[in-house]
Amino acid sequence: MTDPMMDRIEDAYEHLIHDVQCMLDSELYARWRADQQCFNLSIDNIQRVLEQMPNATRLATEANWKEMGRTVNAAADPILILAPRIRSPTGTDIGTVAENYGLPPAVVEVYDISQTHGLPLLTLARSLTEDTERCNSLFRQLTAFAPAPVVVTKELSADYCGRRKADRLLIREGVAAAQGCVMLAYWIAQARNPRNMHDNLTVVQNQAVAYVVLRCLGVDSSKYSVGFIVRHGCTIDGLEASREVVVAIAHDLITEMEGLAGVQQQDGGIEENSGLPL
């Protein structure tokens, strides 16, 4: 007998493979890989840019625009991205990323070509809409399965959207509801995946679980999950090899979530004050 839930999960996994393949085939990915001089951004920073300016096409610092013969408009608001701090133990601006592992990244101001005067460059555009009400509801459900208490806090700096501590999971107040759901689903998968949590393949599997679970429950996390998966070097072959692990973890979690949701409905519903403040 066919399992309708398994069909949903397999369908969501096929969507993930399709989304990752589209990213690998995309102009955005080719730019990330090859066009480092004028658009030197990680996949994660591209996602940050699109959150702040969905129609962004090409970015550089004000100094870099000047080097290319362009001028930033006087009223332009900067777009904020993160860059690793390169600093030697003596505090000078020399050293390697390895020497400074663990330092929070620096906030860097960049500007889109539309905020400057100059020749037209390659187009990059992507929609970043989300169903906030649905995301908040799902966030409340996911907290019940988190491996540690979830704390939405103002204490995290802008450098961090969330951090996992030994005794609690911290999410910065004000992050997008969908991103809060992705972080929770990722941490839940991390706690259930028997592989080494620091292994790149395990990291990809956990993010794939987050994508699949959220998609099955009505939230598209592709704008967060796909770039994460690609940045960690996952190939389509790697995703295919991980299918059994991802599907099993996702199936168990969705089954438990839907079972709990049914119990809560019988008991009068989910508490409405446990969501993610926006």
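Up top is the structure.
As the structure is a computational prediction, the values presented were derived from the model and not from experiment. The numbers attached to residues start from 1 for each chain and follow its sequence in the written order. It should be noted that, the model being predicted, local features are given only for residues of pLDDT at least 70 and side-chain atom pairs only at 80 or more, the latter also being counted only at that level, while totals for whole chains, interfaces and linings use all residues. Hydrogens are left out, water is left out, and the side-chain values use all remaining heavy atoms of the structure.

Visitor: Can you help me understand the overall build of the protein in this one?
Guide: Labels follow the DSSP assignment, with helices taken as runs of H or I lasting at least four residues and strands as runs of E lasting at least two, numbered in each case from the N terminus. Counting secondary structure elements, the protein contains 9 helices and 8 strands. Only protein chains enter the calculation, and the probe is 1.4 Å; a residue is then buried if its accessible area is under 20% of its type maximum, exposed if over 50%, and partly exposed in between. Among the 278 residues that make up the protein, the fraction classed as buried is 44%. Sequence separation of 24 or more characterises 70% of the internal contacts of the protein that already satisfy a separation of 6 or more. Of the roughly 14500 Å² that the protein leaves accessible, carbon and sulfur atoms contribute 51%. Contact definition: two residues touch when any of their heavy atoms are within 4.5 Å. Values of accessible area rely on a 1.4 Å probe in the Shrake-Rupley scheme; residue burial ignores everything except the protein chains shown.

Visitor: Explanation requested: the packing of aromatic side chains in the structure shown.
Guide: Only Phe, Tyr and Trp rings are paired, with Trp represented by its six-membered ring, and only when their centres lie within 6.5 Å; those with planes under 30 degrees apart are stacked, over 60 edge-to-face, the remainder tilted. Applying the stated rule across the entire model yields 1 aromatic pair. A centroid spacing of 5.7 Å and a plane angle of 65° characterise the contact between Y186 and F228, whose relative ring orientation is edge-to-face. Taken together, the residues span a long stretch of sequence, with Y186 in helix α6 (residues 177–192) and F228 in helix α8 (residues 222–231) at a distance of 42 residues. Classification of Y186 by relative accessible area gives buried; the value is 12%. On the basis of relative accessibility, which here comes to 17%, the residue F228 falls in the buried class.

Visitor: Can you walk me through the packing of helix α3 (residues 43–52) against α8 in this structure?
Guide: Each pair of packed helices can be summarised by the angle the axes make with each other and by the distance between the axes. Here an axis means a line fitted to C-alpha atoms, over the contact stretch when the element is a helix, while the angle between two N-to-C directions is reported on a 0 to 180 degree scale. The geometry of α3 relative to α8 is characterised by a closest axis approach of 8 Å and an angle of 160° between their N-to-C directions. Between α3 and α8, the angle is such that the two are roughly antiparallel. As α3 runs across α8, the sense of the crossing is right-handed. Counted together, I43, D44, Q47 and E51 of α3 and K223, Y224, G227, F228 and R231 of α8 form the full contact between these two elements. Counted by class, the contact of α3 with α8 contains 3 nonpolar, 2 polar and 4 charged residues. Note on angle classes: values under 35 degrees are labelled roughly parallel, values over 145 roughly antiparallel, values of 65 to 115 roughly perpendicular, and the remainder oblique. Each crossing gets its hand from how the near helix is turned against the far one by less than a right angle, where anticlockwise is left-handed and clockwise is right-handed. Polarity classes work like this: nonpolar for Ala, Val, Leu, Ile, Met, Phe, Trp, Tyr, Cys and Pro, charged for Asp, Glu, Lys and Arg, and polar for all others, with Gly in that last group.

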